[in-house]
Amino acid sequence: MTIETDRLRERVAAELLRTRDRTALLTEAVDDGDLIRQHSPLMSPLVWDLAHVGSQEELWLVRDVGGRDPLRPDIDELYDAFKHARRDRVALPLLTPAEARRYVAEVRDKALDVLDRARIDGGRRLVTDGFAFGMIIQHEQQHAETMLATHQLRVGAPVLTAPEPPAAPSFVGGEVLVPGGPFTMGTDTEPWALDNERPAHQVQVPAFHIDRAAVTNAEYAAFIDAGGYDDPRWWSAAGWEHRQTAGLVAPAHWQRDGDGWVATTFGRTAPVVREEPVVHVCFWEAEAYAKWAGKRLPTEAEWEKAARWDPATGRSRRFPWGDETPEPRHANLGQQHLRPAPAGAYPAGASPLGVHQLIGDVWEWTSSDFHGYPGFSAFPYREYSEVFFGPDYKVLRGGSFGTDHNAARGTFRNWDYPIRRQIFSGFRLARTA
Ligand SMILES: [Fe+2]
């Protein structure tokens, strides 16, 4: 056993612990009634997410990597995300909150024992560089963000608190030119990158302009005030149809207040902050705004080039600021704050060309459908990504204030239906040069 392997074990153990602390915070902030309640048909009851996190950890770390006997084979089916739609999960004979907590703790004890004994320095691809552990850590972190979205849909007195995000030393606006030419998209080297981020491949991206910041609340309010929601010229046919059937008139959680707007955020209602990125808009709203503004959404390749391409070397880096793992000074991630930060609040996280806040704050809709990269192969199971490939899903990039830094790589890909806006979704604009 090498020192490097010991370090990896220590890092994995620390990440498992840190991740579980956030899961505990999100599930202990509310009472049992709120844990088992369906806060929205779009979301699972929080107690489902909790036991599902344990169930995936049991399947991959305890049974597969560890080769141990199952703890609760009887509940596999209940917590299989492909067996039951979110809206149906509330009616299942789920573990009670106390049972779910006991179950995830028992699984964790076994997983830590596996971590002590398993070979994680080679051998099977599943365990190389601790991949299976990294996958399960990221899975729990993704469910933490999902649970945070459930908290936003919960009705009742506020239960979550966090400091306000930093102010912007100076407001950031306008756009930058990203020169045309090839860049390397995706990765072969990020040890915990998921199958859909692989393999690294060259993409030719013609020159384009991209906004230095995401569209702000003030800018979005101007679109509403200009009658943007009532003018089919700005909307695609599918977008306009959805705008009408869903009765969209403003971002989710916004309400008129005199001439302005208030928004409800985790149970607190306050005027929308003009300089913050707009959040809780669907793809169709983002697309309509872009057309009204005379621009368009960036493609996924444009977004990643803006985030990773280093004009000095032509190399693709891990993050806009370089290869350094995100620190709180770089980006608004990991539920350190309960809202996106104003445009310009993270100068240390800007790209060499001066594009700000690509990572953190809000997920950014791109114009691209979710597809596998050339040479894609599903790993470790088809249901992770491949079954979602196709025109039904749009790609979002960059992570939100609720995304853990472990899953906020410049290569990380998220996807959702174009009508969804319960996620922490915003957008920035681009145009062809
Ligand atoms: Fe899951």
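Residue positions are given per chain, counting from 1 as you read along its sequence in written order. Reporting in this predicted model follows two pLDDT cut-offs: at least 70 for local features of residues, and 80 or more for side-chain atom pairs to be given and counted; totals over whole chains, interfaces and linings ignore these cut-offs and use all residues.

### Observations concerning the sheet that holds strand β11 (residues 425-426)
So the rule is basically this: At least two DSSP bridges between two strands are required for those strands to pair. By definition, any uninterrupted DSSP run of H or I lasting at least four residues is a helix, any uninterrupted run of E lasting at least two residues is a strand, and each is numbered from the N terminus.
The sheet built from four strands is open, its strands ordered β10-β9-β8-β11 with mixed pairing. Here the strands that pair on one side only, and so sit at the sheet edges, are β10 (413-416) and β11. As defined by bridge partners, strand β8 (residues 363-370) adjoins β11 across two bridges and the pair is classed as parallel. When the sheet's bridge partners are listed, W363 is paired in β11 with S425.

### Re the UniProt feature "domain: Sulfatase-modifying factor enzyme-like" (unreviewed entry) in the protein
Operational definition: UniProt positions are given in the numbering used here, feature names are shortened, and annotations may be inferred rather than shown by experiment.
The UniProt feature table records "domain: Sulfatase-modifying factor enzyme-like" (unreviewed entry) at residues 174-431. For residues 174-431, the end-to-end C-alpha separation is 12 Å, with 14% helix and 22% strand making up the annotated structure.

### Quick look at the environment of S367
The line we're drawing: For the purpose of contact definition, each residue receives a C-beta atom placed from its backbone, and two residues are in contact when these atoms lie within 7 Å.
If you trace the backbone, S367 turns up in strand β8. For the pair formed by S367 and V395, sequence separation is 28 residues and the distance between their alpha carbons is 7.4 Å. Setting aside its immediate chain neighbours within four residues, S367 contacts R296, L297, P298 and T299.

### What about the sheet that holds strand β5 (residues 254-257)?
What counts, and what does not: Where helices are involved, their axes are fitted lines through C-alpha atoms of the stretch in contact, as for all axes, and angles between N-to-C directions lie from 0 to 180°.
On the basis of which strands lie adjacent, the open sheet formed by three strands has the order β5-β6-β7 and antiparallel pairing. The sheet is open, and its two borders are formed by β5 and β7 (268-271), each paired with just one other strand. For this sheet the average axis-to-axis angle between neighbouring strands, irrespective of direction, equals 30 degrees. The pairing of strand β6 (residues 260-265) with β7 spans four bridges and is antiparallel. Bridging across to β7, A263 finds its partner in A270.

### Comments concerning unusual backbone geometry
The step from R198 to P199 runs through a cis peptide bond, and the omega angle for that step is -10 degrees. You can see P199 is positioned in the loop between β2 (181-185) and β3 (201-205). Note that the residue after F379, namely P380, is joined by a cis bond; omega there is -5 degrees. The residue P380 is located in the loop between β8 and β9 (390-397) in this model. The phi angle at H280 is positive, at roughly 65 degrees, despite the residue not being glycine. Following the sequence through the fold, H280 ends up in the loop between β7 and α8 (283-292).

### Some thoughts on the packing of helix α3 (residues 46-65) against helix α5 (residues 131-153)
The test is simple: Our angle categories are set so that under 35 degrees counts as roughly parallel, over 145 as roughly antiparallel, 65 to 115 as roughly perpendicular, and the remainder as oblique. In the scheme used here, Gly and all other residues not listed as nonpolar or charged are polar, with Ala, Val, Leu, Ile, Met, Phe, Trp, Tyr, Cys and Pro taken as nonpolar and Asp, Glu, Lys and Arg as charged.
Look at α3 against α5: their axes get within 10 Å of each other, and the N-to-C directions meet at 175 degrees. Our classification of the angle between α3 and α5 gives roughly antiparallel. Only A132, F133, M135, I136, H139, E140, H143, T146, M147 and T150 of α5 make contact with α3, whose side of the interface consists of L46, D49, H52, V53, Q56, E57, W60, L61 and V65. Here the contact of α3 with α5 is composed, by residue class, of ten nonpolar, six polar and three charged.

### Observations regarding the packing of α3 against helix α4 (residues 97-117)
The following threshold applies: Should the near helix be turned counterclockwise from the far one by less than a right angle, the crossing is left-handed, whereas a clockwise turn marks it as right-handed.
Running from amino to carboxyl end, α3 crosses α4 at an angle of 25 degrees, the nearest separation of the two axes being 9 Å. Judged on the interaxial angle alone, α4 and α3 are roughly parallel. Pair α3 / α4 crosses with left-handed handedness. Taken together, the residues of α4 that come into contact with α3 (itself represented by V47, L50, A51, V53, G54, E57, E58, L61, V62 and V65) are P97, A100, Y103, V104, V107, K110, A111 and V114. Grouping the constituent residues of the contact of α3 with α4 by class yields 14 nonpolar, one polar and three charged.

### Section: the UniProt feature "binding site: gamma-L-glutamyl-L-cysteine" (unreviewed entry) in the protein
This is how the line gets drawn: The burial label depends on the number of other C-beta atoms within 10 Å of a residue's C-beta. Counts of 20 or more mean buried, 12 or fewer mean exposed, and intermediate counts mean partly exposed, with C-beta atoms placed from the backbone.
Following the UniProt record, one finds the feature "binding site: gamma-L-glutamyl-L-cysteine" (unreviewed entry) at R86, R87, D88, R89, D416 and R420. Looking at the element boundaries, R86 is found in the loop between α3 and α4. Sequence-distant contacts of R86, that is, excluding residues within four places in its chain, are made with L42, M43 and S44. Its place among the elements puts D88 in the loop between α3 and α4. Judged by C-beta crowding, with 12 C-beta atoms within 10 Å, D88 ranks as exposed.

### Quick look at the environment of P191
Mapped onto the secondary structure, P191 falls in the loop between β2 and β3. On the basis of neighbour count, P191 is assigned to the exposed category, with 11 C-beta atoms found within 10 Å. Separated by 85 residues in sequence, P191 and E106 place their C-alpha atoms 27 Å apart. What P191 contacts, discounting residues up to four positions off in sequence, is D129, F131 and G134.

### Description of the domain arrangement of the protein
Under the convention used in this document: Segmentation of the chain into domains, including their bounds, is taken from an automatic or database domain assignment.
With domains assigned, the protein is organised as domain 1 (3-153) and domain 2 (163-433). Computed over C-alpha atoms only, the centres of domain 1 and domain 2 are separated by 27 Å. Across the contact, 20 residues belong to domain 1 and 14 residues belong to domain 2. Of all the secondary-structure elements, those providing two or more residues to the side of domain 1 that touches domain 2 are α1 (3-28) and α5. In terms of residue count, α5 provides more of the side of domain 1 that touches domain 2 than any other element does, 13 residues in total. When the residues that make up the side of domain 1 that touches domain 2 are grouped by side-chain class, the tally is nine nonpolar, seven polar and four charged.

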